[in-house]
Amino acid sequence: MPLFFRISATDWLEEVSEISESWTVDDTVKLAGILADKGVDVLDVSSGGNHPLQHPHAGPAYQAPFAIKVKKAVGDKLAVSVVGMIDNAHLANDLLEKDGLDIITVGRGFQKNPGLVFAWADELGQHVQMPNQVSNIMPNSKICLSETLLTYHCRSAGASVVAEVRSPPSRSSRFRSSWNDR
Ligand SMILES: Cc1cc2nc3c(=O)[nH]c(=O)nc-3n(C[C@H](O)[C@H](O)[C@H](O)COP(=O)(O)O)c2cc1C
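Just so it is clear, the model here is predicted, and its values are computed rather than measured.

Caption draft 1: Structural view of the site of the ligand. Lining the immediate surroundings of the ligand are 13 residues, of which Ser46, Gly48, Met85, Gly107 and Arg108 lie closest. For the shell around the ligand, the elements supplying multiple residues, two or more each, are strand 1 (4–8) and helix 4 (108–112). Of the residues belonging to the shell around the ligand, the class tally is four nonpolar, seven polar and two charged.

Caption draft 2: Quick look at the pairing of strand 3 (residues 79–83). In terms of burial, strand 3 is a largely internal element, four of the five residues being buried. Here four bridges tie strand 2 (residues 42–46) to strand 3, and the two strands are oriented parallel to one another. Among the inter-strand pairings, Val45 is bridged to a residue of strand 3, identified as Val82. In this region the chain leaves strand 2, passes through helix 2 (residues 64–74) and returns to the parallel neighbour strand 3; the handedness of that crossover is right-handed. Pairing between strand 3 and strand 4 (residues 103–105): three bridges, direction parallel.

Conventions and cut-offs
- Residues numbered from 1 in each chain as written.
- Predicted model: local features only at pLDDT ≥ 70, side-chain atom pairs only at ≥ 80, totals over all residues.
- Near = placed C-beta within 6 Å.
- Helix = DSSP H or I, 4+ residues; strand = E, 2+ residues; numbered from the N terminus.
- Nonpolar A, V, L, I, M, F, W, Y, C, P; charged D, E, K, R; others polar.
- Buried ≥ 20, exposed ≤ 12 C-beta atoms within 10 Å, placed from the backbone.
- Pairing = 2+ DSSP bridges.
- Right-handed = clockwise from strand over helix to strand, strands pointing away.

Scope: geometric values only; no functional claims are made or implied.
Have a look at this one:
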């Protein structure tokens, strides 16, 4: 099982004149190398609300610059995950494909929409295979285990029909055995 390590990449106190020393992203970069050597697989880059004087620069993907700095330093020694206001599919995809990060983590987006993976896949024009047990009744699934009425639906969506029950269009024993075989 991969070992994840969640880190508060900065205390957000560099700009606070009253504080002379605080945890910064450069400290995180140094620690990341040590963690990789100690066997951590994934560094989950975040930042916490841990000082009353801090002023996080919140906005879309606001913690990504920290994660990118870590990734550039550690390369393939460690997978780097980023979190925080990643609120659309294209932003998430760019962080992976252009910035070289390994994992996108989303919190509140999933609270608003538990089907976020499917929504983002649609936004990016990608197909996500549903689990077989439910894909059977999804018209856009790749494979349909079909009853008579659904056959047309599946075929018209370009899916391959792997089994059909013609009569009666209900849970016949043949249908059940095909279902269980899959
Ligand atoms: C009010 C609040 C406080 C949070 N405090 C922390 C924290 O102390 N440490 C931390 O790593 N993440 C903290 N988070 C980040 C969450 O754990 C979670 O990773 C984040 O909400 C995910 O980003 P998203 O919800 O914008 O997708 C906090 C989030 C919120 C909304």
